[in-house]
Amino acid sequence: MKYSIGIDSGSTTTKGVLYDGVEIVKQVMIPTTAKPRMSIQEVYRELYTEGVKMTVTTGYGRKLLSEADRSFTEITCHGAGAGWLKPGIGGVIDIGGQDCKAILLNSTGQVVDFMMNDKCAAGTGRFVEVMMRILEQPIEALDSFVEGREIIPINSMCTVFAESEIISLLAEEKDPGGIALGVLHSICKRTAFFAQKLPMKGEIFFTGGLTRSKAFCEILSRYMGKTLITHEDAPLAGAIGAAILGYARIRD
């Protein structure tokens, strides 16, 4: 049996999968530490097995694994991974820890065009983490925390200023759940404005850690004007794409 390993070394999490040419055999996801080289090496060690013929890396730390055979950009890998999880999609929206990507795909799943915002954290997963830390809530409780709340608008479009705004709203004894909901709307509105600059047709696939939030998916769909689709393995899309591209390059 031949295998490929795909590893996505992200700013907040490091993801990896072991692929046999048909299905994902094993997957690993760990927090990216202050030493990302150690994180990517740990994921590689957990995935490596006899029969691995190709290891491909992607993400911010894609150059840190000496055992890697190839590395590809996040755009290429997310497009490939999303297309594998849901064939026939027209585009991808990925919200990572440090950036937001919109990817346009053609009918065969190839990347045609893309846009990437990595200049401001206000539209990223990091913004949500900062908010939940201020509100003293675990990120896993996001959906229940905002359920049934009334939106308290967040006007600041910068993470630093938004953090100050949230602290001021708490001092005014505003509802924390409503503040959190306001932050989600702020991110989704910003993301939709950014993504709609690409002429995406057909179904749009949503990737990244925030896909685990039903509330976030619903709000983003509303601003996009169409229902986004996702998958339980969507946070692994980059790693899956890397593994698939790697497997295609294995030579007998």
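What you see is a predicted model; the values in this text were computed from it and never measured. (Residues numbered from 1 in each chain as written. Predicted model: local features only at pLDDT ≥ 70, side-chain atom pairs only at ≥ 80, totals over all residues. Heavy atoms only, no water.)

(A) Seen up close, the sheet that holds strand β5 (residues 70-71). Overall, mixed pairing links the 5 strands, which are arranged β3-β2-β1-β4-β5 in an open sheet. Of all strands in the sheet, those bounded by a partner on one side alone are β3 (24-31) and β5. Here strand β1 (residues 3-9) pairs with strand β4 (residues 52-59) via 7 bridges, running parallel. Following the sheet pairing, Ile-5 is matched in β4 by Thr-55. In the packing of helix α1 (residues 36-47) onto the sheet, contacts are made with β1, β2 (13-19), β3 and β4, and the angle to β3 comes to roughly 155°. Against the sheet, helix α2 (residues 74-85) touches β1, β2, β3 and β4, its axis set at about 115° to β4. (Pairing = 2+ DSSP bridges. Helix = DSSP H or I, 4+ residues; strand = E, 2+ residues; numbered from the N terminus. Contact = heavy atoms within 4.5 Å. Axes fitted to C-alpha atoms, helices over the stretch in contact; angles between N-to-C directions.)

(B) Representation of the sheet that holds strand β6 (residues 91-95). Across the sheet, 4 strands lie side by side as β8-β7-β6-β9; this open sheet has mixed pairing. Looking at strand neighbours, the two that pair on one side only are β8 (111-117) and β9 (204-207), the edges of this open sheet. Adjacent strand axes in the sheet meet at a mean angle of 15° when their direction is disregarded. Both β6 and strand β7 (residues 100-105) contribute to a ladder of 5 bridges, which runs antiparallel. When the sheet's bridge partners are listed, Asp-94 is paired in β7 with Lys-101. Each of β6, β7, β8 and β9 is contacted by α2, which is oriented at about 60° to β7, the strand it contacts most.

(C) Fine view of the environment of Val-128. In this structure, Val-128 sits in helix α3 (residues 125-134). In this structure, the C-alpha to C-alpha distance between Val-128 and Arg-190, residues 62 residues apart in sequence, is 14 Å.

(D) Spotlight on the nonpolar core. Ranked by size, the top nonpolar core spans 42 residues in total, and within it Ile-93, Met-131, Phe-206, Phe-216 and Leu-220 carry the most contacts. Counting only elements with at least two residues in this core, the list comes to β6, β7, α3, α4 (142-146), α5 (159-171), α6 (176-195), β9 and α7 (214-224). Sort the elements by how many residues they give to this core and α6 lands first, with 10 residues. Other than its neighbours up to four places away in sequence, Ile-93 contacts Lys-101, Thr-191, Ala-195, Met-200, Ile-204, Phe-205, Phe-206, Thr-207, Leu-220, Met-224 and Leu-228. (Core = buried A, V, L, I, M, F, W, Y, C linked by side-chain atoms within 4.5 Å. Buried < 20%, exposed > 50% of the residue type's maximum accessible area, 1.4 Å probe, protein only.)

(E) Inspection of a nonpolar patch on the surface at higher detail. Together, Tyr-60, Val-111, Phe-114 and Met-116 make up an exposed nonpolar region whose accessible area comes to about 350 Å². Structurally, Phe-114 is set in strand β8. (Patch = residues over 30% accessible without salt bridge, like charges linked within 9 Å, V, L, I, M, F, W, Y side chains within 5 Å. Areas by Shrake-Rupley, 256 points an atom, 1.4 Å probe, with all protein chains shown as cover. Salt bridge = Lys/Arg side-chain N within 4 Å of Asp/Glu carboxyl O.)

(F) Region of the structure containing the packing of α2 against helix α8 (residues 237-247). As a packed pair, α2 and α8 sit with axes 6 Å apart at the nearest point and diverge in direction by 90°. One way to sum up the angle between α2 and α8 is to call them roughly perpendicular. Every residue of α8 that contacts α2 at Thr-76, Cys-77, His-78, Ala-80, Gly-81, Ala-82, Trp-84 and Leu-85 is listed here: Ala-237, Gly-238, Ile-240, Gly-241, Ala-242, Ile-244 and Leu-245. Looking at side-chain class alone, the contact of α2 with α8 contains 10 nonpolar, 5 polar and no charged residues. (Parallel < 35°, antiparallel > 145°, perpendicular 65-115°, else oblique. Nonpolar A, V, L, I, M, F, W, Y, C, P; charged D, E, K, R; others polar.)

(G) Local environment of α1. Over its 12 residues, α1 runs 17 Å from end to end, which matches the ideal 16 Å to within 8%, given 1.5 Å per residue. Along α1, the residues that are buried comprise Ser-39, Ile-40, Val-43, Tyr-44 and Leu-47. Across the axial projection of α1, the buried residues extend over an arc of 135°, all falling on one side. Next to the buried residues of α1 lie β1, β2, β3 and β4. (Expected span 1.5 Å × (residues − 1). Arc of directions from axis to C-beta.)

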